[in-house]
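# A structural walkthrough
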Number of protein chains: 2
Amino acid sequence: MSIVKKDYIRPLDIKNGRIDMGHGAGGRAAMQLIEELFLAAFDNDYLRQGDDGAAFAIPQGERMVMAVDGHVVSPLFFPGGDVGCLSVHGTINDVAMSGARPLYLAASFILEEGFPLADLKRIVESMAAAAREAGVPVITGDTKVVEQGKGDGVFISTTGVGVVPVGVDVSGRNARPGDVLLLSGTIGEHGVAVLSQRESLEFETTIRSDTAALHTLVAAMLQAAPGGVRVLRDPTRGGLATTLNEIARQSGVGMLLQEDAIPVLPQVDAACELLGLDPLYIANEGKLVAACAPEAVEAVLAAMRAHPLGAQAARIGSVVEDPHRFVQMDTRFGGRRVVDWLSGEQLPRIC
Amino acid sequence: MSIVKKDYIRPLDIKNGRIDMGHGAGGRAAMQLIEELFLAAFDNDYLRQGDDGAAFAIPQGERMVMAVDGHVVSPLFFPGGDVGCLSVHGTINDVAMSGARPLYLAASFILEEGFPLADLKRIVESMAAAAREAGVPVITGDTKVVEQGKGDGVFISTTGVGVVPVGVDVSGRNARPGDVLLLSGTIGEHGVAVLSQRESLEFETTIRSDTAALHTLVAAMLQAAPGGVRVLRDPTRGGLATTLNEIARQSGVGMLLQEDAIPVLPQVDAACELLGLDPLYIANEGKLVAACAPEAVEAVLAAMRAHPLGAQAARIGSVVEDPHRFVQMDTRFGGRRVVDWLSGEQLPRIC
């Protein structure tokens, strides 16, 4: 009988190999890719169940949250990160911005035929390291392959589930006039880092993406004032300006920002001036903005500043009554302007 | 002041419009696409929460299950379905194959610049109809846009969560020698339908995809014999042959099939002969295979046959002891052959 007893003979050639259509066909090649590359990196008992879905214990809490985020960043590798860790951080952050403790992730990979296995390994290992560091395992996944020219290397869609602790009620709908707006740190690094890599721009000092998982920062804020944190959101695509407009719209309020209170790194400011970009509209991947009840602000701000990802946290403005739901800003030069939604695109494929 | 009070002025031009990069930038155009196309179709209170994640009540049961599936089928529309309903059915089925009752879906869309809005609307409405019919709402989503030539119309990754009822333990690891293998119906329709559309083949009778949500069939089987259903799996990519090999490997058993017991539509048989394909390796999207304890078989088979999606259910073989974990088959001609894993690709981008 010619059938081999081992399920496959040669290990994957990670160094020189490339994705081919067979890796997506569900047969032996797909199994080998999953076992030697994905399972080896993520390495947990949930994945080792080997079923089409992964089982987990029913969590205790107020309610659950599910969030999904597709990641199509170009280039795949950029200063401070890559599509792999970004896809973990982005989804953990979406879950955390509902006030939830992220528990588990699911990942869907769409691979382009011809993509180097070495690059895929680097991305998957970065994802696995980010998941491990965050304590949020990737418990199930799926891999598809499309023909060369029908994709762009790797797209990763990551879904997260989490549980909201009892007593926590965080939503973009909850901002009220009088609430204080807090920002966890400097804005603009992620977008500028990706753009500089894409355009091969060389800035005097390298600007690195701020990509990070914010769930422990959120947990510290909620512990400081469980009912006082009303809104949390990470200003990714469209930047701080668009995120604040979304919240203003959802809550039916206006906002008034103080431009000189919004922290921006000098090198980001310089790069934006050079490129004609406004840092307010640039994507961040490791920052959050919060609307807090006035009586909770001191406690929340102290908790943020005690956390490594909130050391530069600042009050940047307040929620005001406004039937037009405008976000306005007192500028450095003493004027006041409307900070509108991003319209069209400023930076495509930034996350 | 030049700012308009409405958030956008003109409605989307669904009839003639196309996806542009701005629809993925997170600003006003993205919001408009989400509200006028996605929210309008899916229309549920979870999505209307408007946050980055959707909240839901903590379910009661034995444990939870999460499953994810990417959908890159080409062409996007095929006889009997399209990528939209397929992406709902596929993920519901992955959740159901763990014995779970599917509860909620999350959807990630990766759109190619230039894709017609009319086609996107058709796909999203097909998804929404499938979700409504199944009673499993899409509660959160994400949309990204890539440049023309960096994608292929629409890719959809769908994640599902569900809850496993108390007393149910279904897994690919649970097959035991002596178990009976049941198949819910005829095989091969989905793959042949997609292939015929792709290659513009015209068969005498049109072969339609069997795409369907199998969770109510699973529920009926589990109700008939909660502890007697040991393994459930939907034979998608790689077909029945590959699925049975996966189960054999996971459970450390062999299998023996009866070729003449495996139902195949005559037109599928004819198309396969013409195309040089083996129906055992062709993807299905509305069929399941089960391993049942011998004492439960009659009850489970009766429950299957009483369900519209299991009317053609049949015993197709049994689980046997085999240290080599071979799947073998007694052929119509009186011989016995090994049914190996699919190696390489038979049909790329079938789901």
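What counts, and at which threshold
- Residues numbered from 1 in each chain as written.
- Chains lettered and ligands numbered in written order.
- Predicted model: local features only at pLDDT ≥ 70, side-chain atom pairs only at ≥ 80, totals over all residues.
- Heavy atoms only, no water.
- Helix = DSSP H or I, 4+ residues; strand = E, 2+ residues; numbered from the N terminus.
- Rg over C-alpha atoms; globule rule 2.2 N^0.38 Å.
- Buried < 20%, exposed > 50% of the residue type's maximum accessible area, 1.4 Å probe, protein only.
- Lys, Arg positive; Asp, Glu negative; His and termini not counted.
- Charge placed at Lys NZ, Arg CZ, Asp CG, Glu CD.
- Contact = heavy atoms within 4.5 Å.
- Buried area = accessible area lost by both parts, 1.4 Å probe.
- Salt bridge = Lys/Arg side-chain N within 4 Å of Asp/Glu carboxyl O.
- Polar contact = N/O pair within 3.5 Å; in protein donor to acceptor, adjacent residues only side chain to side chain.
- Nonpolar A, V, L, I, M, F, W, Y, C, P; charged D, E, K, R; others polar.
- Pairing = 2+ DSSP bridges.
- Expected span 1.5 Å × (residues − 1).
- pLDDT = per-residue confidence, 0-100.
- Axes fitted to C-alpha atoms, helices over the stretch in contact; angles between N-to-C directions.
- Left-handed = near helix turned anticlockwise from the far one by under 90°.
- Domains from an automatic or database assignment.
- Parallel < 35°, antiparallel > 145°, perpendicular 65-115°, else oblique.

Moving on to the overall build of chain A. When helices and strands are tallied, chain A shows 9 helices and 14 strands. Here the C-alpha atoms of chain A give a radius of gyration of 22 Å, agreeing with the 20 Å that 2.2 N^0.38 yields for 351 residues. By principal-axis analysis of the C-alpha atoms, chain A measures approximately 85 × 50 × 35 Å. Counting across all 351 residues of chain A, residues that qualify as buried make up 65%. Each charge class in chain A can be summarised by its mean position, and for the 30 positive and 43 negative side chains these summaries are 3 Å apart.

Taken together, the contact pairs 86 residues of chain A with 86 residues of chain B. Buried area between chain A and chain B, summed over both chains or domains, comes out near 7,000 Å², and the portion from carbon and sulfur atoms is 57%. Considering only the side of chain A, the residues that lose the most area to chain B are Asp52, Met66 and Arg237 of chain A, jointly responsible for 11% of the buried surface there. Across the pair Asp142 of chain A and Arg237 of chain B runs a salt bridge, and its minimum N-O distance is 3.2 Å. Our count for the contact surface shared by chain A and chain B stands at 42 residue pairs in polar contact (both at pLDDT 80 or more). For the side of chain A that touches chain B, the secondary structure elements donating two or more residues are helix H1 (28-42), strand S1 (54-56), strand S2 (63-71), strand S5 (101-112), strand S6 (138-146), strand S7 (154-164) and helix H7 (239-251) of chain A. Residue classes in the side of chain A that touches chain B are distributed as 34 nonpolar, 27 polar and 25 charged. In the sheet, S2 of chain A pairs with strand S1 (residues 54-56) of chain B via 3 bridges, with the strands oriented antiparallel. From the neighbouring strand, Val65 of chain A faces S1 of chain B, where its bridge partner is Ala55 of chain B.

Residues and elements named next belong to chain B. In this model, helix H4 (residues 117-134) (18 residues) spans 25 Å end to end at C-alpha, consistent with the 26 Å of a helix rising 1.5 Å per residue. Turning to H4, its buried residues are Leu117, Leu120, Ile123, Val124, Ser126, Met127, Ala128, Ala130, Ala131 and Ala134. Phi for Gly135, located one or two positions after H4, is positive at around 70°.

Let's shift gears to the confidence of the model for chain A. Summarising the model, chain A shows a mean pLDDT of 94, and 96% of its residues fall at 70 or more. Contacts from residues 1-5 of chain A, a stretch scored under 50 in pLDDT, to residues over four places away or in other chains number 7 contacts.

What follows concerns the packing of helix H3 (residues 83-96) of chain A against helix H4 (residues 117-134) of chain A. Residue and element names in this part refer to chain A. At a minimum axis separation of 6 Å, H3 and H4 run at an interaxial angle of 35°. Crossing handedness for the pair H3 and H4: right-handed. Contacts from Val83, Gly84, Cys85, Ser87, Val88, His89 and Ile92 in H3 reach Ile123, Ser126, Met127, Ala130, Ala131 and Ala134 in H4. Of the residues contributing to the contact of H3 with H4, the split by class is 9 nonpolar, 4 polar and no charged.

As a further point, take the domain arrangement of chain A. Residues and elements named next belong to chain A. Each domain of chain A was delimited in the assignment, giving domain 1 (21-164) and domain 2 (180-338). The C-alpha centroid of domain 2 is placed 27 Å from the C-alpha centroid of domain 1. Contacts between the two partners involve 21 residues from domain 1, matched on the other side by 21 residues from domain 2. A per-residue breakdown of the area domain 1 buries against domain 2 is headed by Pro79, Asn93 and Met97, which together make up 35% of the total. If you look at where domain 1 meets domain 2, you find 8 residue pairs in polar contact (both at pLDDT 80 or more). Mapped onto the side of domain 1 that touches domain 2, the elements with two or more residues apiece are strand S3 (77-78) and H3. Looking at side-chain class alone, the side of domain 1 that touches domain 2 contains 13 nonpolar, 7 polar and 1 charged residues.

This part takes up the sheet that holds strand S10 (residues 254-258) of chain B. Residues and elements named next belong to chain B. An order of S9-S11-S8-S12-S10-S13-S14 is seen for the 7 strands of this open sheet, with the pairing classed as mixed. One side of each edge strand has no neighbouring strand; the edge strands of this open sheet are strand S9 (229-233) and strand S14 (336-338). Averaged over all pairs of adjacent strands, the angle between their axes in this sheet comes to 25°, without regard to strand direction. The sheet contact formed by strand S8 (residues 180-183) and strand S11 (residues 289-292) spans 4 bridges and is antiparallel. Residue pairing across strands places Leu182 opposite Ala290, the latter belonging to S11. Against the sheet, helix H7 (residues 239-251) touches S8, S9, S10, S11, strand S12 (314-320) and strand S13 (327-330), its axis set at about 135° to S9.

As a further point, take the packing of H1 of chain A against H4 of chain A. All names here are of chain A. Put simply, H1 and H4 touch, their axes get as near as 8 Å, and they point 30° apart. Regarding the angle of H1 to H4, the classification is roughly parallel. Relative to H4, H1 is oriented so that their crossing is right-handed. For the pair H1 and H4, the contacting residues are Leu33, Leu37, Phe38, Ala41 and Phe42 in the first and Leu117, Leu120, Lys121, Val124, Glu125, Met127, Ala128 and Arg132 in the second. Looking at the contact of H1 with H4, its residues break down into 10 nonpolar, no polar and 3 charged.

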